[in-house]
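# Examination of the molecular architecture
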Amino acid sequence: MPKAVRITETGGPEVLRWEEVEVGAPGAGQALVRHTAVGVNFIDTYHRSGLYPVPLPSGIGSEAAGVVEAVGPGVTVVRPSDRVVYAGGPRGAYAESRLVPAEVLLPIPAGIDDRTAAAVMLKGMTAQYLIRRTYPVKTGETVLFHAAAGGVGLIACQWLKALGATVIGTVGSDEKAAIARAHGCDHVIVSTREDIAARVKELTGGAGVPVVYDSVGKDTFLNSLDCLRPLGLMVSFGNSSGKVTPFDLTILSQKGSLFLTRPTLATYTATRADLEATANDVFNVLRSGAVKVEVRHVYPLADAQQVHRDLEGRRTVGSVVMTP
Ligand SMILES: NC(=O)c1ccc[n+]([C@@H]2O[C@H](COP(=O)([O-])OP(=O)(O)OC[C@H]3O[C@@H](n4cnc5c(N)ncnc54)[C@H](OP(=O)(O)O)[C@@H]3O)[C@@H](O)[C@H]2O)c1
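Residues numbered from 1 in each chain as written. Predicted model: local features only at pLDDT ≥ 70, side-chain atom pairs only at ≥ 80, totals over all residues. Heavy atoms only, no water.

Per an unreviewed UniProt entry, the chain is named Quinone oxidoreductase, and its organism is Gemmata algarum.

This is the structure in structure tokens:
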């Protein structure tokens, strides 16, 4: 029987259990996928900890690459032996093999290996919608991107640079600062010892930036608002330090009639057409060489507990992948 990581209760990394699971044959609209590489995302830790409640027991993980072994009735988007990747659908990607709704599967183009596909799909599509749709960044603009050396961060910062932006990134250490600089950041702020808003004001001659991309959440939210110019857009897209605490909306008027959005990838890829267009943009930027993905952290799938400890402990750089 194949094995998978499952949770029966929420809590720390120790609640991740590596156990045998029944998979069965694909039903209507489903494909049986044997995973070759599983992408790790910060959202997996929210599902595990209970920050985002999920019905239990549950599988965990949203992203993987692999090979289609069989398809159920009515499936036309993929065929057996296709190499595929997905970033969404029901949780359960931390598995050797599983049934997946075929509508979320994307064929992996030739020239992109499975590990890269699993490292880039969810994070790359997130970077895509943030910088090309939520706030389409224009050549010459200066923008702030938090957690610049993270999984989403390293992809987004290279892409922003390719769009002709001046990129200010935040990171947690000097070691990560050097990596962020090598991946598109013109200026890096070490958040553990510098005042982010003061540095952004200094770097922009007092003007502030038109957009802040903030995935850190609780620790940075208010400071991020102080980085914006009047009518600027605050994009709060994650909770790595915890959920943003409730606040008085008049703060937005006091700080310059600011705009605020709290987007999620699921909305931006809800239709098959949007999913394919977003994924193609990611594949194209990889093929062009403008965004490069080196996977520095590869763990066995059975070590998911350690993966979560390292991700939450801010010890990872760029994308993290697990292999069955
Ligand atoms: N809304 C969406 O559509 C969407 C989609 C994908 C991801 N996300 C969000 O984007 C963020 C990045 O995801 P990712 O998978 O690429 O993770 P990641 O950026 O590789 O890891 C999170 C990073 O956040 C930083 N961080 C700052 N304060 C932290 C704290 N108190 N605890 C832990 N980390 C802290 C750390 O970088 P430093 O040490 O350099 O500060 C850490 O490496 C997450 O918040 C995730 O939820 C949102």
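Still more to cover.
### As for the pattern of salt bridges
Pairs can form between side chains of opposite charge whenever their charged atoms are close. Heads up, the condition is: A carboxyl oxygen of Asp or Glu within 4 Å of a side-chain nitrogen of Lys or Arg is what we treat as a salt bridge. Comment: elements are numbered from the N terminus, with helices defined as DSSP H or I runs of at least four residues and strands as E runs of at least two. Think of it in three bands: residues with accessible area under 20% of the maximum for their type are buried, residues over 50% are exposed, and the middle band is partly exposed, with areas taken using a 1.4 Å probe on protein chains only.
For the structure shown, the criterion picks out 16 salt bridges. A salt bridge links E276 to R272, with the shortest nitrogen-to-oxygen separation between them at 2.7 Å. A residue pair is termed a helical-turn pair when its members lie 3 or 4 positions apart in one helix, as E276 and R272 do in helix α9 (residues 272–288) at four residues. Residue classification places R272 among the partly exposed positions, given a relative accessible area of 25%. One network of salt bridges, in which partners are shared, links R6, R17 and E19.

### Overview of the packing of helix α1 (residues 42–49) against helix α10 (residues 304–312)
Formally: Whenever a helix is involved, its axis is fitted only over the stretch in contact; in every case the axis is a line through C-alpha atoms, and angles between N-to-C directions fall within 0 to 180 degrees. Oblique is the label for any angle not under 35 degrees, not over 145, and not in the 65 to 115 range, which are roughly parallel, roughly antiparallel and roughly perpendicular in turn. Any two residues having at least one pair of non-hydrogen atoms within 4.5 Å are treated as being in contact. As a working rule, the residues Ala, Val, Leu, Ile, Met, Phe, Trp, Tyr, Cys and Pro are called nonpolar, Asp, Glu, Lys and Arg charged, and the rest polar, with Gly in that last group.
Between α1 and α10, whose axes approach to 10 Å, the crossing angle comes to 110 degrees. Taken together, the axis directions place α1 and α10 in an arrangement best described as roughly perpendicular. Side by side, α1 and α10 meet where F42, D44, T45 and R48 of the first sit next to H308, L311 and E312 of the second. Of the residues contributing to the contact of α1 with α10, the split by class is two nonpolar, two polar and three charged.

### Description of the sheet that holds strand β2 (residues 17–20)
Rule in force here: Pairs of strands are assigned from DSSP output, requiring at least two bridges between the strands.
Spatial strand order, β2-β1-β4: three strands in an open sheet with antiparallel pairing. Looking at strand neighbours, the two that pair on one side only are β2 and β4 (58–59), the edges of this open sheet. One ladder, built from two bridges, connects strand β1 (residues 3–7) with β4; its direction is antiparallel. Paired with I7 across the strands is S58, a residue of β4.

### Description of the site of the ligand
For clarity, the cut-off: If a single non-hydrogen atom of a residue is within 4 Å of a molecule or strand, that residue counts as near it. As used in this structure description, the phrase polar contact means that two N or O atoms lie within 3.5 Å; if the pair is within protein, one of them must be able to donate a hydrogen and the other to accept it, and residues adjacent in sequence are counted only when both atoms belong to side chains. Calculation of accessible area relied on Shrake-Rupley with a 1.4 Å probe; when residues are assessed, cover is drawn exclusively from the protein chains displayed.
Neighbouring the ligand are 27 residues, the closest being Y46, Y129, G172, K176 and S240. P263 places a polar main-chain atom, nitrogen or oxygen, 3.0 Å from a nitrogen atom of the ligand. Side-chain polar atom of R314 to an oxygen atom of the ligand: 2.8 Å apart, as the coordinates give it. Its free accessible area being 910 Å², the ligand has 92% of it covered by the protein chains. The set of elements that each furnish at least two residues to the shell around the ligand consists of α1, α2 (114–134), α3 (151–162) and α10.

### What about α1?
When α1 is considered as a whole, its buried residues turn out to be D44, T45, Y46, H47 and R48. G50 lies just past α1 and shows a positive phi near 100 degrees.

### Here we look at the packing of aromatic side chains
What counts here: Between rings of Phe, Tyr and Trp, where Trp is taken as its six-membered ring, a pair exists when centres lie within 6.5 Å; planes separated by under 30 degrees are stacked, by over 60 edge-to-face, and by other angles tilted.
Scanning all chains against the criterion turns up six aromatic pairs. Residues Y129 and Y268 carry aromatic rings whose centres are separated by 4.2 Å and whose planes lie at 15 degrees to one another, so their mutual orientation is stacked. Here Y129 is found in helix α2, whereas its partner Y268 is found in helix α8 (residues 265–268), with 139 residues between them in sequence. In this structure, Y129 and Y268 share a single accessibility class: buried.

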